[in-house]
Amino acid sequence: MKQYGFLYKLVERAREHSAFLFHFNAGACNGCDIEFVSCLTPRYDVEQYGIKLEASPRHADVFVVSGPITRTTRAPLEAVYAQLPDPKVVVAIGNCPATGNVFWGSPMIEGPLDRIIPVDIYIPGCPPRPFAIVEGIAAAIHKLASHPSAPSGAVR
Amino acid sequence: MNPVHALAALLLFPGLLYALPMGWLMMGTERKLRARFQGRIGPPLTQPFLDVVKLASKWPVARASSDRLILTLLPLLAVGATIGALALLPVFPDQTGFSGDLILLVGLLELPPLCMVLAGYASRSIYGEMGATREAIIDISCNVPFFAALVAMATAAGSLQTTNIAFATPWQVRVPAMLAILICLPVKLRLNPFSISNAEQEVLTGPLVESEGRLLALWELAHALEWVALIGFVVTIGIPGRSGAWWLDGLVFAVCSLAMVLLLTLLASGTARMKLRQATRLLWRCSFVLAAIALVAAFLVRGN
């Protein structure tokens with residue numbers, strides 16, 4: 001695909017205005033999940049930017065992870081990450097996936113998240129405010145729009 | 001209908017050139033209006049188009065146990081069948097050849113749900129299979145009153161040409177039959193009170209759970225065309241006359257279709273999702289009773 005062609009610009013614009021999210025709870029205390037779901041309510045309404053919460057990881061572009069990665073959630077996390085089609089970005093919501101938070105050093109966690117899968121955007125906070133989450137997802141979408149078109153290891 | 005007219009119907013007016021933008025406009029209107037009803041701002045009207053472009057630009061993922069060929073052919077068949085159905089819509093009065101043949105038209109309209117059921121079973125996912133089962137059950141229970149109402153209208157009009165049916169059905173048959181068909185319309189579009197087969201929270205969007213990227217884009221395309229075809233079918237059957245001027249007929253068709261979108265959105269945003277059992281019971285109790293009344297009225301009108 002030519003860098004300046006019409007199709008390239010169309011795809012870039014479409015990626016920027018229609019991001020499908022998949023949310024993965026990797027042992028979070030549900031605090032970040034509540035703040036994340038409140039972004040979809042009429043008060044914050046992320047659907048006006050074309051953002052949609054999808055039920056299946058096959059449909060998603062943005063992989064949203066909350067929680068320190070506990071030992072039982074590590075294998076499902078890796079499986080679900082592999083199910084997202086390229087190009088994809090990973091957003092870590094809250095302190096837990098970024099650093100392990102208060103669970104740091106516990107033998108029960110496998111985190112932080114970037115030891116397991118590549119992370120694009122960190123949203124700090126315990127939990128972060130909904131506006132911070134919206135801002136983080138917007139940054140992730142900008143990264144997604146300028147993603148190189150051919151991934152490694154993809155099936156044609 | 002000569003080949004030029006047939007090609008024009010397939011590619012230009014009720015066909016691709018009209019139906020693609022109209023389908024995206026209908027789905028965009030539905031999302032925007034539903035957001036406004038819920039007190040949100042909502043996505044722009046071009047959102048379905050952007051979704052399809054984005055999905056088409058995604059890369060396929062490797063899959064182990066499900067068959068890629070079948071999963072690709074099924075949405076293609078759904079898109080093709082819906083375009084064929086669009087070309088047969090009796091927007092302009094035409095009583096020659098196979099144009100507007102009721103049986104062919106309804107058969108083509110029935111193919112996309114069938115493809116979706118097969119795709120759900122081919123996905124080899126437990127959620128896909130569950131969604132496919134629900135889709136099959138609700139489709140069968142909505143098709144009984146749908147076909148009964150159509151049979152009533154065809155009997156009363158004494159013809160299987162959709163143009164004749166639209167013109168010649170007497171009102172005592174038309175009113176209950178159209179009401180029965182209207183109740184079936186949100187079921188066929190999988191809209192909210194009847195959206196149990198592709199429910200996002202319950203069965204992870206059902207039959208489409210394993211479709212990614214281009215496959216999902218094809219399904220979205222088929223769904224957009226289905227909006228135009230099904231709503232267009234109800235509108236063309238329901239309007240009892242044509243002016244004869246092509247631009248006025250086309251305009252009335254488009255405006256009535258958009259008005260139907262408004263009604264469907266009102267219904268979808270005002271109701272919650274029903275369980276499979278509740279949905280089928282409602283279809284049998286309301287839609288089928290209306291269709292039965294229409295059938296009785298049709299036989300009384302025919303006088304035999």
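The structure under discussion appears in the preceding block.
Residues numbered from 1 in each chain as written. Chains lettered and ligands numbered in written order. Predicted model: local features only at pLDDT ≥ 70, side-chain atom pairs only at ≥ 80, totals over all residues. Heavy atoms only, no water.

Chemist: So what exactly am I meant to see when it comes to the pattern of salt bridges here?
Modeler: A side chain of one charge can pair with a side chain of the opposite charge if their charged atoms are brought near each other. Here the structure, examined in full by the defined rule, presents 15 salt bridges over all chains. Salt-bridge contacts for A:Glu47 lead to B:Arg31; the nearest nitrogen and oxygen are separated by 2.8 Å. In this pair, A:Glu47 is assigned in the loop between helix H2 (31–37) and strand E2 (52–53) and B:Arg31 in helix H2 (residues 16–37), connecting two distinct chains. Of the two residues examined, A:Glu47 and B:Arg31, each falls in the buried class. Taking the shortest distance from any N to any O, the salt bridge between B:Arg40 and A:Glu47 comes out at 2.5 Å. Of the two residues, B:Arg40 is situated in the loop between H2 and helix H3 (47–56) and A:Glu47 in the loop between H2 and E2; the pairing between them involves two chains. A:Glu47 carries the same exposure label as B:Arg40, and that label is buried. Ionic contacts of the salt-bridge type, sharing partners, join the residues A:Asp45, A:Glu47, B:Arg31, B:Arg40 and B:Asp51 into one network. (Salt bridge = Lys/Arg side-chain N within 4 Å of Asp/Glu carboxyl O. Helix = DSSP H or I, 4+ residues; strand = E, 2+ residues; numbered from the N terminus. Buried < 20%, exposed > 50% of the residue type's maximum accessible area, 1.4 Å probe, protein only.)

Chemist: I tried to follow the nonpolar core on my own but got confused; where do I start?
Modeler: General note: in soluble globular proteins, nonpolar side chains tend to be found buried as a group. Residues and elements named next belong to chain B. Trp227, Ile231 and Phe233 are the most contacted members of the largest nonpolar core, which has 83 residues in total. Of the residues forming this core, the biggest block, 17 residues, is contributed by helix H10 (residues 213–238). Residues within four places of tryptophan 227 in sequence aside, it is in contact with Met26, Met27, Glu30, Leu189, Leu191, Gly232, Val261 and Leu264. (Core = buried A, V, L, I, M, F, W, Y, C linked by side-chain atoms within 4.5 Å. Contact = heavy atoms within 4.5 Å.)

Chemist: Explain unusual backbone geometry here, please?
Modeler: Negative phi characterises most residues that are not glycine, and trans characterises most peptide bonds. Of the consecutive residues A:Asp86 and A:Pro87, the connecting peptide bond is found in the cis state with omega at -10°. Along the polypeptide, A:Pro87 turns up in the loop between helix H3 (74–83) and strand E4 (89–93). Cis geometry is adopted by the peptide bond preceding A:Pro127, which originates at A:Cys126 and carries an omega value of -5°. Position of A:Pro127 relative to the elements: it lies in the loop between strand E5 (121–123) and helix H5 (130–145). Phi at A:Asp45 takes a positive value of approximately 40°, unusual for a residue other than glycine. Residue position: A:Asp45 is located in the loop between H2 and E2. A residue is classified by how much of its surface remains accessible, and A:Asp45, at 2% relative accessible area, is buried. Phi at B:Arg124 takes a positive value of approximately 60°, unusual for a residue other than glycine. Mapped onto the elements, B:Arg124 comes out in the loop between helix H5 (102–122) and helix H6 (126–157).

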